[in-house]
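Remarks on the overall topology
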Amino acid sequence: MDLDILYEDNHLIAVNKPAGLLSQKDGSGEDSVLEHVKAYLKKKYAKPGNVFLGTVHRLDRPVSGALVMARTSKAAARLFEQFKGRSVTKVYLALVACGEERALPEEWTTLRQRVKREGDVTRVTESASESQDAELAYRCASRACGYALLLVRLVTGRKHQIRAQLASIGMPVTGDGKYGSPERNADGSICLHSLFLGFSHPTRAALVEVLAEVPPVFSARFGANVSAKELAEKIRG
């Protein structure tokens, strides 16, 4: 595959993960982004033997967007602590069906709930038993043709969190049949995209910001061009 490299230096690399590909290998033995990036680094730098590449976070298979990996063990440990400590800014883009009359927030609005895993899905629950806190903030960036583009700033990092929480308020991610969307994308993707990551560089005093261009399926569904750069202007708003 042709990698879309978003950032690269001696300590880390970030790519725009395509939907449908695993972040790293699981028990299925299927291909993963991690293996493609290892092959890229091995070839580019003519590295003998195995290439070290550490995963510090993951994206669900049907989700696209910014994915950062560490090229050294020191960077891996320090980036992992940032993700664990919730100091990384993680902003996703979600395309949802909302109708023409539903009111949507134009400013960041916090959604705090409890979630619980049931089999291979995450459910929002009122019970505190065996559940975890789940928090995100969202705002409407644009709407057209019965759809809305939501910017979603993730605070906690529960499995399928955005998918479950948006579904719980009647706005499942478009294409996500597992969480109630009646629509399907031809490529099996869902319209959820890791748009922006902001974090401290693991070895020097610098802020790293990574922006991933949005897949064409968003523009096709929305009926207008969806630009990552234009959306980025609203992230800090």
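Look above for the structure.
Predicted model only: the values in this text are computed from it and were never measured.

1. Section: the overall build of the protein chain
Across its full length, the protein chain holds five helices and eleven strands. The C-alpha atoms of the protein chain give 18 Å as radius of gyration, which agrees with the globular expectation for 237 residues (18 Å, within 12%). Principal axes of the C-alpha set define a box for the protein chain whose edges measure 60 × 45 × 40 Å. A burial count over the protein chain gives 49% of its 237 residues as buried. Long-range contacts, defined here as pairs at least 24 residues apart, represent 62% of the contacts in the protein chain between residues at least 6 apart. Carbon and sulfur atoms form 48% of the exposed surface of the protein chain, whose accessible area is close to 11500 Å². Both charge centroids of the protein chain, one from 34 positive and one from 27 negative side chains, sit 6 Å from each other.

2. Examining the nonpolar core
One finds M69, L93, L150, V152 and F218 to be the most contacted residues of the largest nonpolar core, which totals 53 residues. For this core, the leading source of residues is strand β9 (residues 147–154), giving seven residues. Apart from residues no more than four positions distant in its own chain, L150 is found in contact with Y92, L93, A94, V96, L104, Y138, R139, C140, L166 and M171. Membership of the second largest hydrophobic core comes to 17 residues, among which are Y7, A70, V88 and L197.

3. Some details on the pairing of strand β6 (residues 109–118)
Across seven bridges, the pairing between β6 and strand β8 (residues 132–144) is antiparallel. Of the residues in β8, the one forming a bridge with T109 is Y138. Across five bridges, the pairing between β6 and strand β7 (residues 121–125) is antiparallel. Each bridged residue has a counterpart across the sheet, and for E118 the counterpart in β7 is V121. Between β6 and the antiparallel strand that follows it, β7, lie two residues; G119 among them carries a positive phi value of about 65°.

4. Considering the environment of W108
For W108, the position within the fold is in the loop between β5 (89–97) and β6. By relative accessible area, which is 18% here, W108 ends up buried. Along the primary structure W108 and A137 are separated by 29 residues, whereas in three dimensions their C-alpha atoms are 5.8 Å apart.

Criteria and cut-off values
- Residues numbered from 1 in each chain as written.
- Predicted model: local features only at pLDDT ≥ 70, side-chain atom pairs only at ≥ 80, totals over all residues.
- Heavy atoms only, no water.
- Helix = DSSP H or I, 4+ residues; strand = E, 2+ residues; numbered from the N terminus.
- Rg over C-alpha atoms; globule rule 2.2 N^0.38 Å.
- Buried < 20%, exposed > 50% of the residue type's maximum accessible area, 1.4 Å probe, protein only.
- Contact = heavy atoms within 4.5 Å.
- Areas by Shrake-Rupley, 256 points an atom, 1.4 Å probe, with all protein chains shown as cover.
- Lys, Arg positive; Asp, Glu negative; His and termini not counted.
- Charge placed at Lys NZ, Arg CZ, Asp CG, Glu CD.
- Core = buried A, V, L, I, M, F, W, Y, C linked by side-chain atoms within 4.5 Å.
- Pairing = 2+ DSSP bridges.

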